[in-house]
Every structure is written in C-alpha cells, then in structure tokens.
Amino acid sequence: MKKILVFVLSILVLSGCTHKDTVIQQEDRVAISQTDFTEEDAKSLVEHALKQQYPERESTVIDVVIKGNNVYGIYTYNKKGKELRQQVSLYSVSRNKNDMDDILYLQSSFGAVDQSTLTMIEEKEIPVDNTVEQPESTKEKEFDLPNVVADPDSASSKQATEIQNGDGLYIVRFYLNAGKLDISGKHTGEGSFVVKLYDLEQNVVSDMVDIEGYGEYDQSVEVPVGYYYLIAKISGGKFDMNYAY
C-alpha cells in the first residue's frame, strides 16, 4: 500500500497505525512526470486527500486525470439523499526519492467541478477505433523546445542555459536541484511582460509575472527537483531579470 504524504511545512509519514514527523527536503523529491506514476496511484492519492479533508464523508472517486505534476479527481457523495459531484485538485505532486511509495503534494483545493477538468477527462476517454478521428499523441506545443535533456546528469546540463533572447521571447532552462526559483526585476515602456514556469512537457507549473506597462516584480516558486523552462513573453518595452535557484 502506498504511503501518501502532504507537504506543508513538514511531512507526516503514514505507516499503519503509527506515524512520525519527518521533514522531506526539496532535493529528496522527484516530480511525478519523471516517474511511472499511474492513474491507479492518482486515484489512491485523491482518495487519501478526501479522507484527510472529510473524514466523516463517504466519497467515491469516479475519475482522475494527471496533467504534468498535478492530479485532478472527480468524486461523488450523498447529502440528504441527493448525490453530489465535486472536484479535488492536487498540485506539484512528487515522490520521495528515498522511498518511491511515498507520494507528496504541495497544495490542494476542493470544490466545484471545472469544465477544463471535464475536457481533459473526455479527451483521454475518446475510444480507439478506426471510426473516430484520434487526437495527436501529444498536445501541440506552444514553443519549439525539446522535452528531454540530452545528458541530464552532467554538470553542464544542470547549469542555467539561455535558449532564446529575442523575437519577443526570453527562454532559460533550469535544473532546480533545491526545488526553488526566485526571480526579480522590472519591465519598462509599453506592452506586456508575462513570465511562466513550465516543465519539459510544456505544462504550466507556475504563473509568475504578468505586467502591463511599467512594473517591478519579485516572485518565488517551490517545485519538485527537476528540469524546467522559464519563459517570458514580451510584447514591447524593456525588461531586466535576476534569478537565484
């Protein structure tokens, strides 16, 4: 049985009827997109999150979907004889490198079902036969960037690598071995300045900056250890950026 951990300030390790407080360091976490995380794992994680949030409620998970390092689940429960349907969203899900059965997530939310989640579920359930036009095996990428690193364990690959600086884009690839990225700077002049952090599959991990015209920024994000793209879109004006990781 997998042990499911929720990272807040420290991690509670569940083991049978006993438990102990253990701090899981950033460098000991690996993003689920870099492991063999399955829908069965996702369902178990959602069920555990529901039990933690609503210990007295009998809930039934009816579907789950994995998007990058996030997990979304739809469940039903009865209230006053009426069946209700709700959603669980678990963000920045990762495994403990030292015990891959330990699953962690940084944030969670519970509430109404999002249409975007229903769309993701519908897309994965399109039947595979010759009478139905199949979606592409991978989504169309917004940027022409590789989803793998040629030599991921080398010191040179793990250095911050500037990929593009021009034509309205600033792209840097990072290996966040401490699981944290800090960026700061300012944008001046006309136009917009939008910065997002993506995983290698170009799933948005964090919306970090959105400035129209002049503005200063100082943002941080915590993520599982791994490779990421920091991508800034600039429609006009000038910007400067400092980063630490």
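So, how was this worked out
Residues numbered from 1 in each chain as written. Predicted model: local features only at pLDDT ≥ 70, side-chain atom pairs only at ≥ 80, totals over all residues. Heavy atoms only, no water. pLDDT = per-residue confidence, 0-100. Helix = DSSP H or I, 4+ residues; strand = E, 2+ residues; numbered from the N terminus. Contact = heavy atoms within 4.5 Å. Pairing = 2+ DSSP bridges. Axes fitted to C-alpha atoms, helices over the stretch in contact; angles between N-to-C directions. Phe/Tyr/Trp six-rings, centres within 6.5 Å; stacked < 30°, edge-to-face > 60°. Buried < 20%, exposed > 50% of the residue type's maximum accessible area, 1.4 Å probe, protein only. Lys NZ or Arg CZ within 6 Å of the ring centre and 35° of its normal. Arc of directions from axis to C-beta.

> Honestly, the confidence of the model for the protein in this entry has me stumped. Any pointers?
When pLDDT drops low, the exact placement of atoms in the prediction is not to be read closely. Looking at the protein as a whole, its pLDDT mean stands at 83, while 83% of the residues score no less than 70. Looking over the protein, one finds the lowest element-wise mean pLDDT in strand β2 (residues 11-15), namely 35, and the highest in strand β12 (residues 169-176), namely 96. Within the model, pLDDT remains below 50 along residues 6-21, and this stretch shows 29 contacts once partners closer than five positions in the same chain are excluded.

> Help me out: how do you make sense of the sheet that holds strand β7 (residues 82-91) in this one?
Backbone hydrogen bonds hold the strands of a sheet together, and the pairing may be parallel or antiparallel. Reading across the sheet, the 4 strands line up as β5-β6-β7-β10 and stay open at both edges, with antiparallel pairing between neighbours. Pairing within the sheet leaves two strands with one partner each, and these edge strands are β5 (59-67) and β10 (107-111). Along the sheet, successive strands turn relative to each other by an average axial angle of 20°, direction set aside. This element, helix α2 (residues 115-124), spans β5, β6 (70-79) and β7 of the sheet and lies at about 80° to β5.

> Even after reading the chapter, I still don't get the packing of aromatic side chains, so can you show me in this structure?
Aromatic rings in a pair are described by how distant their centres are and how their planes are angled relative to each other. This structure, assessed with the given rule, holds 11 aromatic pairs. Both rings, one in Phe193 and one in Tyr217, keep their centres 5.5 Å apart while their planes meet at 40°; by these two values the pair is tilted. Of this pair, Phe193 sits in strand β14 (residues 192-199) while Tyr217 sits in strand β16 (residues 215-222), placing them 24 residues apart in sequence. The exposure class assigned to Tyr217 is buried, which follows from its relative accessible area of 7%. Taken together, a centroid distance of 6.4 Å and an interplanar angle of 40° make the contact between Tyr243 and Tyr245 tilted. You can call Tyr245 partly exposed: its relative accessible area is 40%. One cation-aromatic arrangement involves Arg57 over Tyr54; the distance from NZ or CZ to the ring centre is 3.9 Å. For Arg57, the ring lying beneath its charged end belongs to Tyr77, and the centroid distance is 3.7 Å.

> I tried to follow unusual backbone geometry on my own but got confused; where do I start?
Negative phi is the rule for most residues except glycine; trans is the rule for most peptide bonds. Residue Lys80 is not a glycine yet carries a positive backbone phi of 55°. On the secondary structure map, Lys80 appears in the loop between β6 and β7. Judged by its relative accessible area of 84%, Lys80 is exposed. Even without being glycine, Gln202 reaches a positive phi, approximately 65°. Structurally, the position occupied by Gln202 is in the loop between β14 and β15 (204-212).

> Help me out: how do you make sense of α2 in this one?
Helical geometry note: an α-helix holds 3.6 residues per turn, so side chains three or four residues apart project in the same direction. Those residues of α2 that sit buried are Thr117, Met120 and Ile121. Looking straight down α2, one finds that the buried residues subtend no more than 95° of arc, so they occupy a single side. Summarising the geometry of α2, the exposed residues directed more than 90 degrees from the buried face are Gln115 and Glu123. Taken together, the buried residues of α2 touch β5, β6 and β7.

> Looking at this structure, how should I read the sheet that holds β16?
In space, the 3 strands of this open sheet follow the order β16-β13-β18, with antiparallel pairing throughout. Two strands lie at the open edges of the sheet, namely β16 and β18 (238-244), each paired on one side alone. Averaged over all neighbouring strand pairs, the angle between strand axes comes to 15°, with direction disregarded. Relative to β18, strand β13 (residues 180-188) runs antiparallel, the two being bridged by 7 bridges. Residue Asp182 lies in a different strand from β18, and its bridge partner there is Ala244.

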